[in-house]
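An overview of the molecular structure
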Amino acid sequence: MSMSAEIRDSAGALPALEEESGRDPRSDRFVFSWWHLVLFPLAFLMLIPMIWMIITSLQTLNETRHFPPILVPSSIQWQNYTEVLQRAPFARWFLNTLVVTVVVVAGNLLFCSLAGYAFARIKFFGRDVVFILVLATLMIPFQVIMIPTFIIVRKLGLIDTLGALIVPNLAGAFGIFLLRQFFRSLPIELEEAARIDGASRLGVLFKIVLPLSGPVLATVAVITFLWTWNDFLWPLITIYNPDNMTLQLGLTTFQGAHQTNTHLLMAANVMSVIPVLFLFFVAQRFFIRGIATSGLKG
Amino acid sequence: MSVSVRRIMRSDHVAGWAFAFPAVALIVVFGIVPILWSALMSFQKTNLLSTPEWIGLDNYRALPKDPLFKTSMVHAFIYAALFVPLSVGGGLFAAVALNRHIRGIRFYRLAVFVPVVVSTIATSIMFLWLFDPNFGLANWLLGLVGLGPFGFFTSSDGALYSIIAMTVWGWIGFDAIIYLAALQGVPNELLEAAQLDGARSWSIFRNITLPLLGPATLFLVVFSTINAIQVFDEIYFLTKGGPGTATYVPVLYLFKLAFEQGIAGYAAAIAYVLLVAILILTVIQLWVGKRMVYYAS
């Protein structure tokens, strides 16, 4: 995801979609709105690919080979799911993806916070030049760097290991930029007072600055999470052994091997989507704010 | 330790570098170095294993004579020309519809936003089935209104457009989130004042809301164009560029060159041409945007 467009120097306030605005919600809530006639078809159109995936995942192979399609399966085939788990190392792929994502998110939060704070608050030799260099990488599309990065990762002996997916992604310009902008918007007096009381730079960052930065840290975490969990091209280049694959890569090999077993393919796909959907439902506020921020500040 | 050394150790230079170093080192090794290396490679003949051979501008000279490169670029521009207006326009439409307090609005919003978190591969698998030429739901539904049947991803005329339809579905939610955040920043007083003056709702939207959404629109157009020119995952998964070369796009082409055929120098040249194309498009869009977009504050 190239976050290149118009890097503006406006930070601080994070946009959030309010569930309830200041307007009186009672006035129109219980009156029928003509907008339902727009919104219902729209919602239907957005959901139909997923609903159809779920229905198919519960059908028999014979039911999937039928035209016109059978919309209601005669009986629900839960065993499609267990069969997928027997046929492919899905648990392994899930675990790999989880490990990579957790480590990459944690690395970004730590390293981008440290660097973001240095760029925001500490005057050190070469700071501005280095910061501009970091920002420049935001504008470079991935395909420009992927060939040399592949060679570097190979030299490090990381090809076909989870390390290939983790190490190059432990810190990113986007997180550094977002955190630096946020840190600069905080009142500096608190930090100065703590410094006078003898706190170290590290102490100030961890005890004063970061506790005030919950929302922006959540934004970095959400964007990094989505990006890492769903990444496809880089794992495709660096991972060959099925045991080291991530979910996205595993799904493509599963699809290649079970092209005509649509019911199994759909069951596998449902399982790959469920973790992200679950997280999206429980942390909706953070996801939406994170995405809105990535856009406006991008 | 002498006093001066201690002072340096405690100075901001050391602290600043110590804080910035891990992230900066990673970005230099996996960002800056590859950018320069890739530029170097574009002047070389190399297959990722052997010693590279310097060939000057030969890679770039070969590009205009390469029909597959030309086809790929044409497809990328067709893709962008349709994907950008459809996804941004669709996102605006969805956001305006979702920006109200009616019963069920949480459900409607969720339905529109959900595809944002679904991966490109999962989306492709869903649509591969939805658009199945023989048993697909899409052919059945279109057949009910007298259209089709279509080959979708398997037809050389329709594959690129089918992929566009799918990626628009995948991105409308993202655009809607950005627009909805922008819509909620439109001051109520402005809308109410216009209403009191007797303005019709279409004219309020056209003359007040839409101009205030300018920055969001500019961002989305630039961002979506960059994404469109770089489309890869869906095409690699669904068609591998086929049928024939009907869905060849630049990133797929350079991926195949570098990692399947070992023609890495030429692939690097394509990557740089693509980078320049993206930069030119972005600059044009920002330049036009600057003239058209009104920034409050």
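Residues numbered from 1 in each chain as written. Chains lettered and ligands numbered in written order. Predicted model: local features only at pLDDT ≥ 70, side-chain atom pairs only at ≥ 80, totals over all residues.

1. Quick notes on the overall build of chain B
Operational definition: Strands are runs of DSSP state E lasting at least two residues, helices are runs of H or I lasting at least four, and both sets are numbered from the N terminus onward. The globule rule is 2.2 Å times the number of residues to the power 0.38, and the radius of gyration it is compared with is taken over C-alpha atoms. Placing a C-beta atom from the backbone of each residue, one calls two residues in contact when those atoms lie within 7 Å.
Looking only at helices and strands, one finds 14 helices and two strands in chain B. In summary, chain B has a C-alpha radius of gyration of 25 Å against a globular reference of 19 Å for 297 residues, an excess of more than 25%. With respect to the three principal axes, the spread of C-alpha positions in chain B is 70 × 65 × 35 Å. In chain B, once contacts between residues fewer than 6 apart in sequence are set aside, the share between residues at least 24 apart is 68%.

2. Remarks on the environment of Phe90(A)
Residue and element names in this part refer to chain A. Definition in use: Here exposure depends only on C-beta density: within 10 Å of a residue's C-beta, 20 or more other C-beta atoms make it buried, 12 or fewer make it exposed, and intermediate numbers make it partly exposed, the C-beta atoms being placed from the backbone.
As for its position among the elements, phenylalanine 90 is in helix 5 (residues 90–121). Its 20 C-beta neighbours within 10 Å are what place phenylalanine 90 among the buried residues. For the pair phenylalanine 90 and serine 272, spaced 182 residues apart in the sequence, the C-alpha separation amounts to 8.8 Å.

3. Looking at the interface of chain B and chain A
Rules: In the scheme used here, Gly and all other residues not listed as nonpolar or charged are polar, with Ala, Val, Leu, Ile, Met, Phe, Trp, Tyr, Cys and Pro taken as nonpolar and Asp, Glu, Lys and Arg as charged.
At the interface, 80 residues of chain B touch 88 residues of chain A. Counting residues per element, the side of chain B that touches chain A draws most heavily on helix 2 (residues 12–41) of chain B, at 22 residues. Here the residues of the side of chain B that touches chain A are counted per class, giving 65 nonpolar, 11 polar and four charged.

4. Section: unusual backbone geometry
Residues Phe67(A) and Pro68(A) are joined by a peptide bond in cis, for which omega reads 0 degrees. Turning to its location among the elements, Pro68(A) is positioned in the loop between helix 3 (61–64) and helix 4 (79–87). Cis peptide bonds are those with omega within 30 degrees of zero, and the linkage from Gly242(B) to Pro243(B) qualifies with -5 degrees. Structurally, the position occupied by Pro243(B) is in the loop between helix 12 (233–238) and helix 13 (250–260). Of note, Phe152(B) is a non-glycine position whose phi angle comes to about 50 degrees, a positive value. Residue placement: Phe152(B) occurs in the loop between helix 7 (137–144) and helix 8 (159–183).

5. Focus on the domain arrangement of chain A
Residue and element names in this part refer to chain A. Condition: Each domain span listed reflects an automatic or database assignment of domains.
Per the domain assignment, the segments making up chain A are domain 1 (29–77) and domain 2 (89–297). Centre-to-centre separation of domain 1 and domain 2, based on C-alpha positions: 34 Å. Contacts between the two partners involve nine residues from domain 1, matched on the other side by seven residues from domain 2. Broken down by secondary-structure element, the contributors of at least two residues to the side of domain 1 that touches domain 2 are helix 2 (36–57) and helix 3. The element that contributes the greatest number of residues to the side of domain 1 that touches domain 2 is helix 2, accounting for four residues. Of the residues that constitute the side of domain 1 that touches domain 2, the class distribution is three nonpolar, six polar and no charged.

6. Some details on the packing of helix 5 of chain A against helix 12 (residues 214–230) of chain A
Residue and element names in this part refer to chain A. Short version of the rule: Axis definition: a line fit to C-alpha positions, over the contact stretch in the case of helices; interaxial angles, taken between N-to-C directions, run 0 to 180 degrees. Take the far helix as the reference: if the near one is turned anticlockwise from it by less than a right angle, the crossing is left-handed, and if turned clockwise, right-handed.
Here helix 5 crosses helix 12 at 145 degrees, and the two axes come no closer than 9 Å. The handedness of the crossing between helix 5 and helix 12 is right-handed. Seen from helix 5, the contacting residues are Thr97, Val100, Thr101, Val104, Val105, Asn108, Leu109 and Cys112; seen from helix 12, they are Leu217, Val220, Ala221, Thr224, Phe225, Thr228 and Trp229.

7. Observations regarding helix 11 (residues 214–229) of chain B
Operational definition: Multiplying one less than the number of residues by 1.5 Å gives the expected span of a helix.
End to end, helix 11 of chain B covers 23 Å across 16 residues, agreeing with the expected 22 Å (1.5 Å per residue, within 8%). Among the 16 residues in helix 11 of chain B, 13 count as buried, and that is most of the element.

8. Some words on the environment of Ala258(B)
In this fold, Ala258(B) is placed in helix 13. Owing to 26 C-beta atoms within 10 Å, Ala258(B) belongs among the buried residues under this scheme. Linking Ala258(B) and Ser156(B), residues 102 residues apart in sequence, is a C-alpha distance of 25 Å. Sequence-distant contacts of Ala258(B), defined by excluding residues within four places in its chain, comprise Ile147(A), Ile263(B), Ala264(B) and Ala267(B).

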